[in-house]
Amino acid sequence: MPAPSTSPIALAPFVTSVRWTPQPLRRDLLTQEPSNSHLLIAVGDRQGRIAIWDFRLRQVLVWMEFDPPSSFSSSDKSKLGIQDIYWIRAKADSWILASISGLSLLSLWNTSTGRCIWKYDASPEFFSCIQRDPFDFRHFCALGLKGFLLSVMVHGDEEGDIVIKELKVPTATDFSELHKVEKDGGANSTTTSPALAVFPLFRVRFSFSPHWRHILFVSFPKELIVFDLQYETSLSSAALPRKCGKFLDVLPDPDNDWLYCAHFDGKLSTWRRKEGEQAYTMCVVEELMPSIGTSVPSPIVLAVIRCQSVSTLQNVVDLYSNSPHTSPFWDYDTHLDRCSKSILNFMAHLLSITDDGKIWNWLLTAEGARDAQKPIMNPGLIDAGEVRVEEIHTNRLDTSIHEPVSDANKESESAQSSSGHTCNSTHTVGDLSFKIDLVGQLHLLSSTVTTLAVPSPSLTATLARGGNNPAVAVPLIALGTQSGTIEVIDVSANAVAASFSVHNSTIRGLRWLGNSRLVSFSFVQVNEKAGGYTNRLVVTCVRSGLNRAFRVLQKTERAPIRALKASSSGRYLVILLRDAPVEVWAMTKSPIMLRSLALPFTVLEWTLPTVPHPVHNGPSKQSSISSKEHSDVASPAASPTQASSSDSTTNLEASTDDAAESFSFALVNGALGVFEVHGRRIRDFRPKWPSTSFVSSDGLVTAMAYRLPHVVMGDRSGNIRWWDVTSGLSSSFNTHREGIRRIKFSPVVAGDRSRGRIAVLFYDNTFSIFDLDSQDPLANSLLQPQFPGTLVLELDWLSLRTDKNEPLVLCIAGADSSFRLIEVNISDKRSGFGSQPRAIKERFRPMPLCSPILLPTPHALALRMVLQLGVKPSWFNTFSMTKDKDPYQIHGAVSSKGDLRGYMIDSHLPNIGDSVVPEMLLKVLEPYRKDGCILDDETAKIYASVVNKGSAARFAFAAAVFGEYSEALFWLHLPRALPHFMNKSAKRFPQKASVSTSAPELGEPSTLSRITSRGRSVLGKENRDTTKYLQLKSMAFDQEELWESANERIPWHEKLEGEEAIQNHVHELVSVGNLEAAVSLLLSTPPESSYFYVNALRAVALSSAVSRSLHELAVKVVAANMVRTDKSLSGTHLLCAVGRYQEACSQLQDAGFWTDAATLAATHLQGSDYARVLQRWADHVLHAEHNIWR
């Protein structure tokens, strides 16, 4: 994120949230608008800004931030840090962005204009996160730390189109931790930090269920709750078991009724749903950290996600790859073995990221015995009795930190194992055993980068005793971090090869000693008043990972170390302390201090090796720095010949090497000098001094570079001066910039016309490249490229260049904790090399990234069409020399010559369009195919297993590969939907001539029996397989499927109390046709309830549709309840309506209406019924009124 334009230049902003756009790959190739790209990502930072980045254009399309407050405003919303962001659908073709700013502010943004269209302040609640409803992209919820839940429905992109509902998730969580922080003032109204920063250990998260609409899974630190949005209540609650860390996040499995919960202690728990309930129990706990090779203390898990693409591809394989005769990977022996053992397999890929900069790829497997007594389920495409087996391939990568793991890193981004399944049969989830394996790792930078070190050119350019023979190159770069770790970067792969935990505090300086040892230092201030410091120096062996401290003192020092300077060979080390003498050490196996120099050094640099002799093809211009080499000057040696493969660890006294090394320096008074170190002796080099005017009195020397015979210096005024120590020639110019912090000579190879190129780092964290061999170095300079937000902390040249035509490579450690490789292409023109517009570019990881979504839009559409039409699996094979060793190699002829249409599969369908179109598409994709960046091997294997299964299978695969999961589910359902539609049409068409079009009456026996039988069958329904194909439930269309799904929800709500819950439950019962249960529930309403008369009316009406007996029973119950509320007359009327005159007379008599009861009996009753009414009246007159004569 670029720094704000309104603030002065500072460190790059801290990114707090990112979210990819959900819009799919655009099909319109003619639209050239910037917003047409599908590679859009929303990025929020700590300063309250949101940017919409276009990865195709590599620029920000829209900035979204609040306006600065006015003078009379009491609050400033423009600086509230972004906690979470999410894309929400506003219309069919437009999306808006929901964001949480600060502690309590929820906002909606128009992504086209960058305008805030709606705001909601939830104070004093603290928002935690946002989640979008997977069933309706217009609906989302925001959850607070205390259980406050805001449900938002978006009907458009205007403020009036937003509908909200405030809910509360009931919880037994102890909020004393929150109250303590509030009391201490950490969460007051002036706090701009988001809740995650204020309460880092109190995490409240939730997820929508991908299977059941309106169901939320909410995790508090020690409680897991299932919440029903429709009923506005919790369905179940599970406490965190003892000895388990607090909940970090909750992830529902898209294919099973399982939950994966991440914990703060680095563990992953798996929860399964109880049969017939919406309640979950923990079944297994696994570690998300490998048991060996992990630093102590263990890294902290920051986030865990489940790979949805793997799940969707797994469904494609399960539903289509069922025939052993057409699959090239069918293993008949494995098939027989697995089916005989009756084992069910399930696989899921999880990704976790830890605070040490590593991304872990985990393979979770579930295995268990299937019940042979239960029937085999038929998902719609597979006939009952069929079985299918897929081979299981898992890339287990070496995660050792003591050896380079560049090969492992290359595999980590594509380490997605294909799912393996056995016979498709119903099983019990409780019989499953879970196991988790680490199958891939991607190592990123673990912490903020503080320093950078590149191996000395003496080992990668020329040998120690002169000549132009190159030594062995070491493509490694070391980075020091704020957390005290050293990250070793393999520049050939642009990836972290190893990581070493060396210091407990920030690494202040780092240098290479040869090509296999590193020396670093850190310091800690022990006493602020007295100014005591504890300096720690450590030598780290890159090969073994061993750390050895030296210069260990028993007491604190008055001055901290301010810099380390290592000689080119790694033999000598200069330790510069602040306001203290400089120490010169011999870096043997046991380092020895040679001498202490009590001089006021401002800057000091060791010499670089002598450059190779230039190749003169003709006369060249005379310059101040590319002058003739002086043969009488001793060339400083960098290292012995064998130093390229091992360190110089022999004793200096016993060494027969008489080579010497020198370093130049500048003092506080501006004086310059060169010292030479030879063995244990340090002597003055006695250079030829420049003229007195060379020494500047207006600027202190702050940077220096020394490559014999030239010394280049920079001062705090921006001046650059250089001087030839053998001839005394000198020159200078002013950069018109701030002070100079670092100067680095570029590596030179034979044939280079210039040997005076330098990279200059300024104190404002920018850099420039100058050519001191040019007539006007300032005019021909190459300024820093406009990399957004790239403020440079440290830089150095990569000394792996062996040919003059190769570009120079600059290593940059950014203030945004990034490491970059910058290519600088040099022009041989005399006018300089800064005039070319693309003379500098960033070098990325050289390995192929198999992600079709990253291809240019036309090429991505071409690949999508090729996959849909059907291409032979052999087309994915590349021309790699190591392809024979690939376990996923698809056998087949590979040739790019001739007609490429031979790669297309043979289809029985008629051709659509010109037959030359497939060949054009394949030619467009040929460069990507040769580079091996279309599909990774495992994904290509999956395609090979479904390519001959029909168009729907290929369309589903193509949609899944491009991340369009809803479309993939559509194609998975299509083969079932078409026969269903045809069968319905065929059954309906002949009925028009023979069957009456009149619908049966509700009271007909056939209808009533169907209703009651369905209602009773719910309890006797057999258990179904609830662990597979749940992802397809969201698009169910069959009557039986919909009815079963609705019936499965009914038991969840049977024990809920409250009038609203009863109303919703009655609606569910009526929907599934269980009218008896609905009537029973309605009749249970107490007469005191405000819903009594409404429910009584519905009970009487619904009971009449079931049977006469149920209708009469309902009326009797309602009438009896009315008596309890002194509404006897109303109850009497209902009884008369169903012909229950005897009960009506009894109710009238109970209410004291004796005459009315007798009148009603005389009208409708006869014989003994009439006599009983009069007899009871007579008894009342005799015993209650005591009137014997009446």
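Residues numbered from 1 in each chain as written. Predicted model: local features only at pLDDT ≥ 70, side-chain atom pairs only at ≥ 80, totals over all residues. Heavy atoms only, no water.

1. So, the overall build of the protein chain
- Along its length, the protein chain carries 21 helices and 52 strands.
- For the protein chain, the proportion of contacts with a sequence separation of at least 24, taken over those separated by at least 6, is 59%.
- Element-wise, carbon and sulfur atoms account for 53% of the exposed surface of the protein chain, whose accessible area totals about 55,000 Å². (Helix = DSSP H or I, 4+ residues; strand = E, 2+ residues; numbered from the N terminus. Contact = heavy atoms within 4.5 Å. Areas by Shrake-Rupley, 256 points an atom, 1.4 Å probe, with all protein chains shown as cover.)

2. Digging into the packing of helix α7 (residues 857-869) against helix α8 (residues 917-931)
- Contact geometry of α7 with α8 gives a least axis separation of 9 Å together with a crossing angle of 120°. Relative to α8, the element α7 is oriented oblique. The two elements α7 and α8 cross, and the hand of that crossing is left-handed. Residues His859, Ala862, Leu863, Met865, Val866 and Leu869 of α7 touch α8, and the partners they reach there are Pro918, Leu921, Leu922, Val924, Leu925 and Tyr928.
- Class assignment for the residues of the contact of α7 with α8 results in 11 nonpolar, one polar and no charged. (Axes fitted to C-alpha atoms, helices over the stretch in contact; angles between N-to-C directions. Parallel < 35°, antiparallel > 145°, perpendicular 65-115°, else oblique. Left-handed = near helix turned anticlockwise from the far one by under 90°. Nonpolar A, V, L, I, M, F, W, Y, C, P; charged D, E, K, R; others polar.)

3. Section: the sheet that holds strand β30 (residues 517-527)
- Spatial ordering of the open sheet is given by β29-β30-β31-β32, a layout of four strands whose pairing is antiparallel. Because the sheet does not close on itself, it has two edges, and the strands there are β29 (509-513) and β32 (547-550). Pairwise comparison of adjacent strand axes, ignoring direction, gives a mean angle of 30° for this sheet. (Pairing = 2+ DSSP bridges.)

4. Points about helix α19 (residues 1141-1150)
- Within α19, burial applies to Ala1144, Cys1145, Gln1147, Leu1148 and Gln1149.
- Positive phi shows up at Gly1152, right after α19, with a value of about 95°. (Buried < 20%, exposed > 50% of the residue type's maximum accessible area, 1.4 Å probe, protein only.)

5. Overview of the nonpolar core
- Counting 46 residues, the largest nonpolar core has Trp875, Phe876 and Phe957 as the members making the most contacts within it.
- Of all the elements in the fold, those that place two or more residues in this core are α3 (308-320), α7, α8, α9 (937-946), α10 (951-961) and α11 (965-994).
- For this core, the element with the most residues is α10, which contributes eight residues.
- Listed in part, the 35 residues of the second largest apolar core include Ala1078, Leu1083, Ala1114 and Ala1161. (Core = buried A, V, L, I, M, F, W, Y, C linked by side-chain atoms within 4.5 Å.)

6. With respect to the packing of helix α14 (residues 1059-1071) against helix α15 (residues 1075-1083)
- Closest axis-to-axis distance for the α14/α15 pair is 8 Å, and the angle between their directions is 160°. On the basis of their axis angle, the class for α14 and α15 is roughly antiparallel. Between α14 and α15 lies a crossing of left-handed hand. From α14, Ile1062, His1065, Val1066, Leu1069 and Val1070 reach across to α15, where they touch Leu1075, Ala1077, Ala1078, Leu1081 and Leu1082.
- Among the residues forming the contact of α14 with α15, the class breakdown is nine nonpolar, one polar and no charged.

7. Description of the confidence of the model for the protein chain
- Across the protein chain, pLDDT averages 75, with 72% of residues at or above 70.
- Across residues 323-342 the pLDDT falls below 50, and counting only partners more than four positions away or on other chains, this stretch makes 28 contacts in the model. (pLDDT = per-residue confidence, 0-100.)

8. So, the packing of aromatic side chains
- Taken as a whole, this structure holds 28 aromatic pairs when the rule is applied.
- Summarising the aromatic geometry, the rings of Trp118 and Tyr120 are spaced 6.1 Å apart at their centres and angled 20° between planes, so their arrangement reads as stacked.
- On the basis of an interplanar angle of 10° and a centroid distance of 6.0 Å, the ring pair of Tyr572 and Trp606 is categorised as stacked. Placement of Tyr572 in strand β34 (residues 572-577) and of Trp606 in strand β37 (residues 601-608) is noted, with a sequence separation of 34 residues between them. You'll find Tyr572 and Trp606 in the same group, each marked buried.
- Taken together, the ring pairs in this structure connect Tyr572, Phe601, Trp606, Phe663, Phe665 and Phe675 into an aromatic cluster.
- Above the plane of the ring of Phe137 lies Arg132, whose end atom (NZ or CZ) is 4.2 Å from the centre.
- In this structure, Arg508 packs its charged tip against the face of Phe523, placed 4.5 Å from the ring centre. (Phe/Tyr/Trp six-rings, centres within 6.5 Å; stacked < 30°, edge-to-face > 60°. Lys NZ or Arg CZ within 6 Å of the ring centre and 35° of its normal.)

9. Thoughts on the sheet that holds strand β3 (residues 50-54)
- Reading across the sheet, the four strands line up as β1-β2-β3-β4 and stay open at both edges, with antiparallel pairing between neighbours. The open sheet has two free edges, formed respectively by β1 (15-20) and β4 (59-64), since each of these has just one partner strand. Averaged over all pairs of adjacent strands, the angle between strand axes in this sheet comes to 25°, irrespective of strand direction.
- Bridging between strand β2 (residues 40-45) and β3 involves five bridges; their strand directions are antiparallel. In the sheet register, Leu40 faces β3, and the bridge partner there is Asp54.

10. Observations concerning a nonpolar patch on the surface
- A cluster of nonpolar side chains, contributed by Met865, Leu869, Val916, Val917 and Met920, occupies part of the molecular surface with about 390 Å² of accessible area.
- Of all elements in the fold, only α7 and α8 reach the threshold of two or more residues within the nonpolar patch.
- Tracing the chain through its elements places Met920 in helix α8. (Patch = residues over 30% accessible without salt bridge, like charges linked within 9 Å, V, L, I, M, F, W, Y side chains within 5 Å. Salt bridge = Lys/Arg side-chain N within 4 Å of Asp/Glu carboxyl O.)

11. Regarding the side chain of Glu223
- Mapped onto the secondary structure, Glu223 falls in strand β15 (residues 223-228).
- Buried and unpaired, Glu223 has no salt bridge, with Lys222 as the nearest side chain of opposite charge at 11 Å.
- Not counting the four nearest positions on each side in its chain, Glu223 is found in contact with Thr171, Ala172, Thr173, Val218, Ser237, Ala238 and Phe247. (Lys, Arg positive; Asp, Glu negative; His and termini not counted.)

12. A short note on unusual backbone geometry
- Here the amide bond leading from Ser123 into Pro124 is cis, since omega sits at 5°, within 30 degrees of zero.
- Counting through the fold element by element, Pro124 comes out in the loop between β8 (116-121) and β9 (127-132).
- Look at His214: it is not a glycine, yet its phi comes out positive at around 75°.
- Judged by relative accessible area, which is 28%, His214 ranks as partly exposed.
- One non-glycine residue, Arg551, lies in positive phi territory at about 55°.

13. Here we look at the pairing of strand β7 (residues 105-110)
- Counting buried positions along β7 gives six out of six residues, so the element sits mostly inside the fold.
- Of the pairings in the sheet, the one linking strand β6 (residues 94-101) to β7 comprises six bridges and is antiparallel in character. Counted as the bridge partner of Ser101 is Leu105 from β7.
- Linking β6 to β7, which pair antiparallel, is a turn of three residues; within it Gly102 sits at a positive phi near 65°.
- As paired strands, β7 and β8 are joined by five bridges and run antiparallel to one another. By the bridge assignment, Leu108 is partnered in β8 with Trp118.
- Here β7 folds back onto β8 in antiparallel fashion, the turn holding five residues, of which Gly114 has a positive phi close to 75°.

14. Digging into the pairing of β3
- Buried residues dominate β3, accounting for five of its five residues.
- Residues Ile50, Ile52 and Asp54 of β3 are buried on one face, and the alternating residues Ala51 and Trp53, pointing to the opposite face, are buried as well.
- Pairing of β3 with β4 involves five bridges; the strand directions are antiparallel. Bridge pairing in β4 links Ile52 to Val62.
- Linkage of β3 to β4, two consecutive antiparallel strands, is achieved through a turn of four residues, within which Arg58 is found at a positive phi near 55°.

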